[in-house]
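Here is how the chains run, residue by residue.
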Amino acid sequence: MGEQTLDLGPAINSPNNDKVRFVKALQRRKVRHKERKFVVEGVRLVEDALGAGCVPAFVFWRPEQESSQRAEALLQRILTVTTEVYAVGPHIIKLLSDTVTPQGILAVFPFVELIPPRRDLLLILDGIQDPGNFGALLRSAEAAGVDQVILAPGTVDVFNPKVVRAGAGAHFRLPLTDLSWSEITALTQNCLVRLADGSSPIAYYTVDWRRSVALIVSNEGSGPSWEALRLAAERVAIPMKGGTEALNVSVAGSIILFEAARQRFFATAQNDKSE
């Protein structure tokens, strides 16, 4: 690398290699949760993981990747926290990659388990099945200042490779918790629980989001579960013109979350001015 090329040893080229088989097995939810590990692919996501203080169990690296200065710097950074870095042939990366055009770096990380410092704004995902929508919601939740995302039963696995990729690093910075509905009920007993429901006559921007509140967003196809309907104290909708029946759940959830963020921002600014 640069003037000095790092020697990672002979490249792994066999699909029967134990570590290759382990990564392949992590494509299954059951294996991920048994091993408490998941796959992170691509320069940006691995950078995000390291930036959050996560240490990989091991890393697969395609030697041709060294032509990128950014990738070279990332490899140097990885080697400061672990020596478990293995060169692999391009066909191995392609075999294990979840993308059409693999970037040449793939890392296995332990599950990220973050504890929220507070629970003033919660997002509850009710049966969200599309990984892309799930990941997009995580990005919006982090950007809007959500304290914790709760995954209700029936929601796709948060460590699904497509969710991880669409989350764009939110996994490493945002507390994510799988809970049963009874656990969710107990956790939200001091919150006002609101359900995003297109049939509600109450517009989302007319209610107060400055208090401790939990927002439930549900599967756009099947709608809210009966547990979500039972838990919600209020329902809010996004008023729409035209013939649109419903918004994509990631779009709808993002719109409401950023209204909550807007109200909270101005409330904080007003408090700062009065002091």
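Residues numbered from 1 in each chain as written. Predicted model: local features only at pLDDT ≥ 70, side-chain atom pairs only at ≥ 80, totals over all residues. Heavy atoms only, no water.

Even without a glycine there, the phi angle at R36 is positive, about 60°. Within the secondary structure, R36 sits in the loop between α2 (29-35) and β1 (37-41). Exposure remark for R36: the relative accessible area of 39% places this residue in the partly exposed category. Its identity as a non-glycine residue notwithstanding, A168 has a phi of 50°, on the positive side. Within the secondary structure, A168 is located in the loop between α7 (161-167) and β7 (176-178). (Helix = DSSP H or I, 4+ residues; strand = E, 2+ residues; numbered from the N terminus. Buried < 20%, exposed > 50% of the residue type's maximum accessible area, 1.4 Å probe, protein only.)

Here the focus is the sheet that holds strand β3 (residues 85-87). Think of a sheet as strands paired side by side through backbone hydrogen bonds, with each pair either parallel or antiparallel. With mixed pairing, four strands are arranged side by side in an open sheet as β1-β4-β2-β3. Edge positions in the sheet fall to β1 and β3, since each of these pairs with one other strand and no more. Within the sheet, the average angular offset between the axes of one strand and its neighbour, ignoring direction, is 20°. The strands that helix α1 (residues 18-25) touches are β1, β2 (58-61), β3 and β4 (105-110); relative to β2, the one it contacts most, it runs at about 100°. Strand contacts of helix α3 (residues 43-51): β1 and β4, with the helix running at about 30° to β4, the strand carrying the most contacts. (Pairing = 2+ DSSP bridges. Axes fitted to C-alpha atoms, helices over the stretch in contact; angles between N-to-C directions. Contact = heavy atoms within 4.5 Å.)

On the secondary structure map, V213 appears in strand β9 (residues 213-218). Taking relative accessible area as the criterion, V213 reaches 0% and is therefore assigned buried. Spatially, the C-alpha atom of V213 lies 29 Å from that of A49, the residues being 164 residues apart in sequence. Not counting residues within four places of it along the chain, the set of residues in contact with V213 comprises D120, L121, L122, C191, L192, R194 and R264.

To continue, consider the pairing of strand β8 (residues 192-196). Looking down a regular strand, the side chains alternate between one sheet face and the other. The buried fraction of β8 is high, at four of five residues. In this structure, β8 lies alongside β9, joined through four bridges in parallel fashion. Paired with R194 across the bridge in β9 is L215. Across three bridges, β8 lies against strand β10 (residues 234-236) in parallel orientation. Bridged to A196 within β10 is V236.

Counting residues in each nonpolar core, the largest one holds 58 residues, and the members touching the most others are F38, L123, L125, F134, L138 and V149. With six residues, helix α10 (residues 249-274) is the single largest residue contributor to this core. (Core = buried A, V, L, I, M, F, W, Y, C linked by side-chain atoms within 4.5 Å.)

Moving on: the pairing of β4. Across the six residues of β4, five count as buried, placing the element largely inside the fold. As judged from the five bridges shared by β1 and β4, these two strands associate in the antiparallel manner. Bridging from a neighbouring strand, F38 pairs with F109 of β4. Relative to β4, β2 runs antiparallel, the two sharing four bridges. Note that in β4 the partner of F58 across the bridge is V108.

Here helix α6 (residues 131-143) contains 13 residues, and its C-alpha end-to-end distance of 19 Å stays within 8% of the 18 Å for a straight helix at 1.5 Å per residue. Inspection of α6 places P131, N133, F134, G135, L137, L138, S140 and A141 among the buried residues, and these make up the whole buried set. G145 occupies a position one or two residues after α6 and carries a positive phi of about 85°. (Expected span 1.5 Å × (residues − 1).)

Mean pLDDT over the chain stands at 90; residues scoring 70 or higher make up 93%. Confidence scores differ between elements of the chain, with α10 showing the lowest mean pLDDT of 86 and strand β5 (residues 121-126) the highest of 98. (pLDDT = per-residue confidence, 0-100.)

The next thing to look at is the environment of F22. As for its placement among the helices and strands, F22 is situated in helix α1. Counting along the chain gives 19 residues from F22 to E41, while the straight-line C-alpha distance between them is 15 Å. Not counting the four nearest positions on each side in its chain, F22 is found in contact with E35, K37, F58 and V108.

Attention now moves to the sheet that holds strand β6 (residues 148-151). Pairing within the open sheet is parallel, and its six strands lie in the order β7-β6-β5-β9-β8-β10. What marks the edges here is a single partner per strand, and that holds for β7 and β10. Looking at each pair of strands side by side, their axes are set apart by 25° on average, direction ignored. In this structure, β6 lies alongside β7, joined through three bridges in parallel fashion. What sits directly across from V149, in β7, is L176. Strands in contact with α6 are β5, β6, β7 and β9; relative to β5, the strand with the most contacts, it is inclined by about 175°.

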